[in-house]
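# Examining the three-dimensional arrangement
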Amino acid sequence: MLLASSHCLRIPDSLHVHSASSNAMTQQLQDEFDSSVENAEAWMKAIQERLRINDNTKGPRSALEARLRETEKIRALEPEGSLKMDLILVKADAALRSISEEKKREVLSKLKDIKALWEETAIYITHCHSRIEWVWLHWSEYLKAQNEFYTWIHNMRVTLEPDIELQLGLKEKQWQLSHAQVLQNDVLNQSVLLERLLEEAASLFSRIGDPSVDEDAQKKMRVEYEGIRQEAQNRVKLLETITKEHEQYSASVNQFQSWLNGVTEKLNCCIGGATKTSAEDKLKALKEIAKDIRSGGKKWKHLENQCAEVIQNTSPLGSARLKDELEELRKALEKLKVLSSEEEERLLKIQQSESAYESQARQLEADIQQLRKDLQRLENDLDPGEGEKTEDEFVTLWKKCNATRAALAAEESKIERLKAQLKELLRFSQDVQPHAESVVSAIQQYQSVRSKTSKMSTDTEAQLWRLIQNPLQSFEQWKPSVQMLLETPEPELAHIEAALTESSQFKEKLMTLQLKKDLLNNVLGEEKAESLLQEVAEASKEREILHKSLLQSKSKLQNLMLQHKNFDAGFAPLQKKLSAIKAKLDLEKEPRPDLLGKKTQLQRLQMIQDDLAELAIHMEEVEKLVQSNTTHRHEMNQLSSDSQALKRSLELMIQQSEDHVQKHWAYNDKLSDLQQWISVTRERIGSCQDADGEQNTEGRLEDLERLLAEFPDKEIQLNLVEAHGQLVMENSSPEETAHVQAELDQLRESWKSLKEMATGLLKKWQLSRPVADKKKKRAFVGSRWMSRPAFHLFDVDPNHKQEKMGEGQTASSHLKLLHDFEEWLQGENTKLTKILAGTPSSAEEIKAHQSKLEELQSRVPHGQQLFEDLLHLHPVVGSSEDLEELRYRWMLYKSKLREALSSPSAGSLEETDRFRKERSGGACSFLHRVRRAALPLQLLLLLLLLLAFLLPLAERESHSCTLANNFARSFKLMLRYEGPPPT
């Protein structure tokens, strides 16, 4: 019994030791929590006391500024309070894990009280500082507005104090009045601002009680404003009086000028010779004008009196101008008097010369009528008659024209006498235009008859000469056409026969002309007739030579007719076959709807190429028949040229068709690969969703992350497929274009749905990880502090310490692996950058460049293995941000290396790279240009974002919401807001 009893007592002793150690740990945590709460509470009460002392807006500006600086210092201590609260929360969290339920309620109560006290203190800090700052800003804005008001008062007083300046004229006076009215309106408009300023002074006085804004200061501002307003009104009234006086004078001057212009116009009507009134009527009008001029003298005297009054308020230069203007009006009035008297004397002289003019005009009209009768008689004798005339009739008409020409020479003396009589009439002042027109008409009739006679004589001679020379001229015109016909390589037989017929006709005409020798001597004269007969003899000789040449050409042409028939039999089939080939080629120019159609089109084009080669063989056989015939040679050359053009067009179409087929093949292959990968990936993600179990979840998460690591590469492949699709659509029919676009849209939708499915599943698994996983992550975070001495005080249990050390070793291994991979990736990226910086020019440099890139590519699997090892350790040790950044750098390095290998300078220059060259580097080059253009844009966006953050600091005075709320708007209290106004 005693042994059993002593053995039973050992177990409670062990438990008691363990319990005492645990209670000591718990008491230490609770003491630390209580100490931190007491320190924070004392700090908060001290802050509230300082705020209570400074929470006052009364007093001078310097005291208010001191309170504002004190509240700013207190507000700067707010982060310290937040830090104390964070420390309390940490201590509370540690204490709550190891104390009993009763003490937990006590800790939670203290925690609640200290949180409420901190919230009250933070709100008090914000409200106290905002209130004092608002009053300070309000006062600053008021002082600024008050300074602007007194500056305006000073400027207006400087403007209104000088006396009114005398102006040059009416326009300047009106400008001066307008300026004074503008100043008056400015003064009146300033009253609204004055009332607002006084209201703000009263409001500010109620808050601060400073004498600078009391009622005396307000009355002083109002009195100064009233003085400025009264002075501006007096200036405007005086300027209105001066301007109105000058306007009345200007109106009187204008009325006098209008009257003067009217009298001048009446006098000009009497003086001008265009009027049809008689001299007696003009004399009566002149007497009325003289009466008006006498009344104008009184009007001028009235203007002189008005001018004297206006000059008193006008500058010296303006006064001189007014006097000069008045003197010019007086001179114009005197000039009218002189002109009126002179015109009256002139009219008296006109009446005396009218009688002498009428007698001489009657004699001139009689002589004109007699001359017209004689000219009409001569003109009637020159009628040549109608119809065709013979040579004898042309000779008789020519003699009659010579007799009429002699009679017109005798009538020329009468024309000279009529001109002398017209000159005598011109001495008189009457209108001689009708008599001058009669004389001119008679002279024109004389000139007409004389020109008609001369023309008829010239025409008659020309007709006689034309009738005689007609056969020679026709022969000279016919001779070049025959010579050209003889020089033609292959003339037509019908043209040769027609030329022989015309040659026989010319022979008869030339022989007839040689028999008319006597007639030619009588009409043309012996010398001219002899020259004409010599020309006829020479023409006859030339006709004989041409006639013999035509006969020889006719015989040659008949021999060539037989050869022409043989050529036509072989040339026509070639022409038909070439037209058929061209028609087939035109049918193949339309784009095909699919890949099978493009391949079929390529086969048909190759068959057409074989037909064209066979046609060339037949053309060589026909060319042997046209060596001696230039016409057939030209036709054959034209056919050969058409054949060569068709051959070049066919070769170009075959090359384009091969290119289109190759592009379509590339598009189909890449599209099929990407679709297959999407379907396989979708099945793998679906299988991951169907699996169960916690351990299985870890494996699924690793598989899913590996799948997501492939997405950037596949997204590049998606862009390549779209680029290939665009190339296919450019060279396809509308139906095929719509089909390809539908495939691309479906592929893009599949890609989006797969990406959303994968990312959604990843987020779901990350959120639903077991609690044990979270503990592992906390153990990893705690392992970073293993080197500190305080850490060992908490590891009382040896088993727990071993578990912690194991997790720390795992984390240390992960960090080492992460560091090694970063160094390896940085070294590889540096090598790639150096390789890409060089620009190889020769073939050897390109090969060396390619070998270096291939060496880097060979080390990519090793890097991928290192990265996958990091991914395996990622669920145990959480450093997702570092790992995501490393993943992005790794994908970027692989993309740059792949692009460098696929570029024309580094890869092969054959097979599929031909497609990339044709598209200026292909889709990879396109992506490279996109990234290269995106980098400056991203830097620019970052710069704009930085400027947006700095803008409130640089423009606090113009964009702060607290400053924008000045005396022009509401003065209600508000919290501090360092940003643009929300409205």
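Residues numbered from 1 in each chain as written. Predicted model: local features only at pLDDT ≥ 70, side-chain atom pairs only at ≥ 80, totals over all residues. Heavy atoms only, no water.

Identification of the protein chain as Nesprin-3 from Zonotrichia albicollis is taken from an unreviewed UniProt entry. Annotation of the protein chain in UniProt includes, under Sequence similarities (unreviewed entry), the sentence "Belongs to the nesprin family." (UniProt positions renumbered as here; feature names shortened; annotations may be inferred.)

Scanning the protein chain for helices and strands turns up 27 helices and 0 strands. For the protein chain, the residues scored as buried account for 33% of the 983 residues in total. Excluding contacts between residues fewer than 6 apart, the proportion of contacts in the protein chain whose partners are at least 24 apart in sequence is 81%. When the accessible surface of the protein chain is split by element, carbon and sulfur atoms take 54% of a total near 60,900 Å². (Helix = DSSP H or I, 4+ residues; strand = E, 2+ residues; numbered from the N terminus. Buried < 20%, exposed > 50% of the residue type's maximum accessible area, 1.4 Å probe, protein only. Contact = heavy atoms within 4.5 Å. Areas by Shrake-Rupley, 256 points an atom, 1.4 Å probe, with all protein chains shown as cover.)

With the rule as written, the count across this model stands at 14 aromatic pairs. Considering the side-chain rings of phenylalanine 149 and tyrosine 150, the 5.9 Å spacing of their centres and the 70° angle between planes classify their relative orientation as edge-to-face. Of the aromatic side chains, those joined through ring pairs into one cluster are Phe821, Trp824, Phe867, Trp890 and Tyr893. One Lys or Arg, arginine 61, reaches over the ring of tryptophan 136 and ends 3.9 Å from the middle of that ring. Taking the ring centre of tryptophan 139 as reference, the NZ or CZ of arginine 61 above it sits at 5.6 Å. (Phe/Tyr/Trp six-rings, centres within 6.5 Å; stacked < 30°, edge-to-face > 60°. Lys NZ or Arg CZ within 6 Å of the ring centre and 35° of its normal.)

Before going further, it helps to examine the nonpolar core. The biggest cluster of nonpolar side chains holds 48 residues, and the ones touching the most others in it are Met44, Ile88, Ile114, Phe149 and Trp152. Residue assignment for this core shows that the elements contributing at least two residues are α1 (2-54), α2 (61-76), α3 (78-96), α4 (101-160), α5 (170-208) and α6 (215-271). When residues of this core are assigned to their parent elements, the largest contribution, 21 residues, is made by α4. In this structure, Leu671, Leu701, Leu704 and Trp751 belong to the second largest nonpolar core, which totals 25 residues. (Core = buried A, V, L, I, M, F, W, Y, C linked by side-chain atoms within 4.5 Å.)

Okay, the packing of α4 against α5 next. Packing of α4 against α5 brings their axes to within 10 Å, and their N-to-C directions diverge by 150°. The orientation of α4 relative to α5 falls into the category roughly antiparallel. In the crossing of α4 with α5, the sense of the turn from one axis to the other is left-handed. Counting all contacts with α4, which are made through Trp134, Val135, His138, Trp139, Tyr142, Ala145, Gln146, Phe149, Trp152, Met156, Thr159 and Leu160, the residues of α5 involved are Leu183, Asp186, Val187, Gln190, Leu194, Leu197, Glu200, Ala201, Ser203, Leu204, Arg207 and Ile208. Residues belonging to the contact of α4 with α5 are distributed by class as follows: 16 nonpolar, 5 polar and 3 charged. (Axes fitted to C-alpha atoms, helices over the stretch in contact; angles between N-to-C directions. Parallel < 35°, antiparallel > 145°, perpendicular 65-115°, else oblique. Left-handed = near helix turned anticlockwise from the far one by under 90°. Nonpolar A, V, L, I, M, F, W, Y, C, P; charged D, E, K, R; others polar.)

Relative to the helices and strands, aspartate 374 resides in helix α8 (residues 316-380). Given a relative accessible area of 14%, aspartate 374 falls into the buried group. Within the local environment of aspartate 374, its side chain forms a polar contact with the side chain of lysine 414, the two groups lying 3.1 Å apart. When sequence neighbours within four positions are dropped, the list of residues in contact with aspartate 374 reads Glu411 and Lys414. (Polar contact = N/O pair within 3.5 Å; in protein donor to acceptor, adjacent residues only side chain to side chain.)

Taken together, Leu937, Leu940, Leu941, Leu943, Leu944, Leu946, Leu947 and Leu950 make up a surface patch of nonpolar side chains, about 760 Å² in accessible area. Of note, leucine 941 is situated in helix α25 (residues 922-954). (Patch = residues over 30% accessible without salt bridge, like charges linked within 9 Å, V, L, I, M, F, W, Y side chains within 5 Å. Salt bridge = Lys/Arg side-chain N within 4 Å of Asp/Glu carboxyl O.)

Running from N to C, α2 and α4 cross one another at 145°; their axes reach a closest spacing of 9 Å. As α2 runs across α4, the sense of the crossing is left-handed. For the pair α2 and α4, contact is made by Arg61, Leu64, Glu65, Arg67, Leu68, Thr71, Glu72, Ile74 and Arg75 and by Ile125, Cys128, His129, Ile132, Glu133, Val135, Trp136, Trp139, Ser140 and Leu143, respectively.

Before going further, it helps to examine the pattern of salt bridges. All told, the structure shown has 25 salt bridges when counted by the stated rule. With a shortest N-O distance of 3.7 Å, lysine 104 and glutamate 101 are connected by a salt bridge. Pair noted here: lysine 104 and glutamate 101 are both in helix α4, with a separation of 3 residues, about one helical turn. What makes lysine 104 partly exposed here is its relative accessible area of 23%.

What follows covers the environment of lysine 554. Residue position: lysine 554 is located in helix α14 (residues 526-587). Lysine 554 sits in the partly exposed class, given a relative accessible area of 25%. Beyond its immediate sequence surroundings of up to four residues, lysine 554 is in contact with Leu493, Ile496, Glu497 and Leu500.

For helix α21 (residues 843-858), which comprises 16 residues, the first-to-last C-alpha distance of 23 Å matches the rise-based estimate of 22 Å (1.5 Å per residue) to within 8%. Taken as a whole, α21 has its buried residues at His849, Gln850, Leu853 and Leu856. Each buried residue of α21 lies within a common arc of 120° when the element is viewed along its axis, so the set occupies one face. Looking at α21, the residues exposed on the side facing more than 90 degrees away from the buried face are Ala843, Glu844, Lys847 and Ser858. (Expected span 1.5 Å × (residues − 1). Arc of directions from axis to C-beta.)

Between its first and last C-alpha, helix α12 (residues 493-514) extends 33 Å over 22 residues, near the 32 Å set by a 1.5 Å rise per residue. Among all positions in α12, only Ile496, Ala499, Leu500, Ser503, Phe506, Leu510 and Leu513 are buried. Summarising the axial view, the buried residues of α12 lie within an arc of 140°, below the 170-degree limit, and thus occupy one face.

Turning next to the confidence of the model for the protein chain. This prediction gives the protein chain a mean pLDDT of 75; 79% of its residues lie at or above 70. Ranking the elements of the protein chain by mean pLDDT puts helix α24 (residues 913-918) last, at 38, and α3 first, at 87. (pLDDT = per-residue confidence, 0-100.)

What follows concerns the side chain of serine 315. Along the polypeptide, serine 315 turns up in the loop between α7 (279-311) and α8. With a relative accessible area of 11%, serine 315 lands in the buried category. In this structure, serine 315 is in contact with Leu166, Gln167 and Leu168, ignoring residues within four places of it in sequence.

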